[in-house]
Amino acid sequence: MLDALALSRVAERYRQASFNGAQGPSDEGVAEGRILFVDDEPSILDALARSLHRDYEVHTAEGGEAGLKCVAEKGPFAVVISDMRMPGMDGAAFLAAVRRVAPDTVRMLLTGHADMTSAMKAVNEGQLFRFLAKPCPKDDLLKALEGAHEQYRLVRAEREVLARTLRASVTVLVRVLNLTDPNTFGHASVLARFVAHMAMKREVGDAWQYDLAAMLSQIGCIAILPETMARIRAGQEVSEEDRLMFASHPEIGRQIVENIPRLQSVARMISLQTEGGSGADDDPEVELGGAMLRLGLAIHRLASGGLSVDLAVARLRQEGAHDERLLDAMGDYRDDWGIDTIRVIPVTDLEVGMVLDEDLKLRDGTVSLGSATEIDAPLLDRARRLSASHLVQEPFRVRVPSWTLGE
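Calculation notes
- Residues numbered from 1 in each chain as written.
- Predicted model: local features only at pLDDT ≥ 70, side-chain atom pairs only at ≥ 80, totals over all residues.
- Heavy atoms only, no water.
- Helix = DSSP H or I, 4+ residues; strand = E, 2+ residues; numbered from the N terminus.
- Buried < 20%, exposed > 50% of the residue type's maximum accessible area, 1.4 Å probe, protein only.
- Contact = heavy atoms within 4.5 Å.
- Areas by Shrake-Rupley, 256 points an atom, 1.4 Å probe, with all protein chains shown as cover.
- Patch = residues over 30% accessible without salt bridge, like charges linked within 9 Å, V, L, I, M, F, W, Y side chains within 5 Å.
- Salt bridge = Lys/Arg side-chain N within 4 Å of Asp/Glu carboxyl O.
- Lys, Arg positive; Asp, Glu negative; His and termini not counted.
- Charge placed at Lys NZ, Arg CZ, Asp CG, Glu CD.
- Axes fitted to C-alpha atoms, helices over the stretch in contact; angles between N-to-C directions.
- Parallel < 35°, antiparallel > 145°, perpendicular 65-115°, else oblique.
- Nonpolar A, V, L, I, M, F, W, Y, C, P; charged D, E, K, R; others polar.
- pLDDT = per-residue confidence, 0-100.

> Which residues make up the overall build of the protein, and what are the values?
If you tally the helices and strands in the protein, you get 17 helices and ten strands. Residues classed as buried in the protein amount to 48% of the 407 residues present. Intrachain contacts of the protein at a sequence separation of at least 6 include 65% that bridge at least 24 residues. Summing over all exposed atoms, the protein offers an accessible surface of approximately 19,300 Å²; the carbon and sulfur share of this is 51%.

Pasting the structure below:
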């Protein structure tokens, strides 16, 4: 659903994903001051733990495999320090694995003189914070740990800024689309439901990417007049210039979204929402996102013509132009989303969390808010101001989510 509640869900999902990492911004307070030492010699680990326990929360693990298990079960850690020479998995391989599962954790390498060449290679290739020569005096180790924690705080602060930038940018774009063209906003709302269902059924990772791609898929349409969009949606004749502009909206959308930090993959998904689009993409996730958008749009087109989703899926399956696994995922789609009550109300009874079940129109027939819009505080204020000026056609249908009823 392209609305305030859905937007908050996606933003939270994205916050938890921490830009494809295992650690989210909320982990910062937990990880601060927590260190993991990994070595294959228990005596060295014991000495490190005794030496630093007054300054830090120290955890230890014997070997790379045990270290990864500790990261998974006892993390997050602000800093992980590993010996270079260990049987089975050496320090460089271990720290590279830590980087994949906990990219915010600062990684350092302990190494002997004979390992200097390998250590320098590990630092350069594995993006390690630094390496320390063995034996490492306590004062040097404490200084290194202090620097590592400062690096951890900087990385986390930057990530949180990016997360806030993302949430604010997406919110602005969604509001722009809703205010400039409520009908297209509602069109994207339905598509977002379809894609969310496909992502859930396919149990894909990083589902926030597909959610955002659907929510922002129609943002390129802001370059087209709303009345022109209405004619296009209705299958009416438009000028060649308008037809070409509509055909280019996925590419316009890509150009808009790709400027938002960390949304380059989402932008490429948007460009692939129509057959032909921008061609194939090397990233399987991007290809999957494009396939979801194409199928969702095809179902919505047929459903707008009067078919149920089940019949639309059956017809598209016969045509053989869409991914069978995605068609299977849509096989049990039900348009409930936890909404169980429909009411006909005036604006005075409208509340935050209610979902429009029809367009909210002005008295001259202009659509003010599109069907499927979930009411948030700014939209509620807007509707009340219009009603106070006697500009709104009332009453109108809304859907009431069960959670607003106290269930």
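> Go over unusual backbone geometry, please, and point to the residues and values.
Omega for the peptide link from Gly75 to Pro76 comes to 10 degrees, which places this bond in the cis form. For Pro76, the location among the structural elements is in the loop between α4 (64–74) and β3 (79–83). With an omega dihedral of -5 degrees, the bond running from Lys134 to Pro135 counts as a cis peptide bond. Of note, Pro135 is situated in the loop between β5 (130–133) and α7 (138–180). Residue Glu203 is not a glycine yet carries a positive backbone phi of 50 degrees. Position of Glu203 relative to the elements: it lies in the loop between α8 (182–202) and α9 (207–215). The phi dihedral of His390 is positive, around 60 degrees, even though this residue is not glycine.

> How would you summarise a negative patch on the surface if you had to cite specific residues and measurements?
A cluster of acidic side chains, namely Asp40, Glu41, Asp46 and Glu62, defines a negative patch on the protein surface. Secondary-structure assignment places Glu62 in strand β2 (residues 57–62).

> Any chance you could break down the pattern of salt bridges for me, citing the residues and the numbers?
Applying the stated criterion to the full structure yields 18 salt bridges. Between Arg254 and Glu251 there is a salt bridge, with its nearest N and O atoms 2.3 Å apart. Taken as a pair, Arg254 and Glu251 lie in helix α12 (residues 249–257) at a separation of three residues, close to a single helical turn. With a relative accessible area of 18%, Arg254 lands in the buried category. Notably, a salt bridge pairs Glu324 with Arg317, separated by 2.8 Å at the nearest N-O pair. With relative accessibility at 38%, the residue Glu324 sits in the partly exposed group.

> Lay out the packing of helix α11 (residues 240–247) against α12 with the relevant residues and their values.
Running from amino to carboxyl end, α11 crosses α12 at an angle of 50 degrees, the nearest separation of the two axes being 5 Å. Taken together, the axis directions place α11 and α12 in an arrangement best described as oblique. Seen from α11, the contacting residues are Met245, Phe246 and Ala247; seen from α12, they are His249, Pro250 and Ile252. Counted by class, the contact of α11 with α12 contains five nonpolar, one polar and no charged residues.

> An account of the confidence of the model for the protein is requested, with residue identities and associated values reported.
For the protein, per-residue confidence averages 82 on the pLDDT scale, and 85% of positions sit at 70 or higher. Below pLDDT 50 for its whole length, residues 1–29 participates in 85 contacts with residues either more than four positions away or in separate chains. Confidence drops under a pLDDT of 50 for residues 403–407, and excluding neighbours within four residues, the segment shows eleven contacts in the predicted structure.

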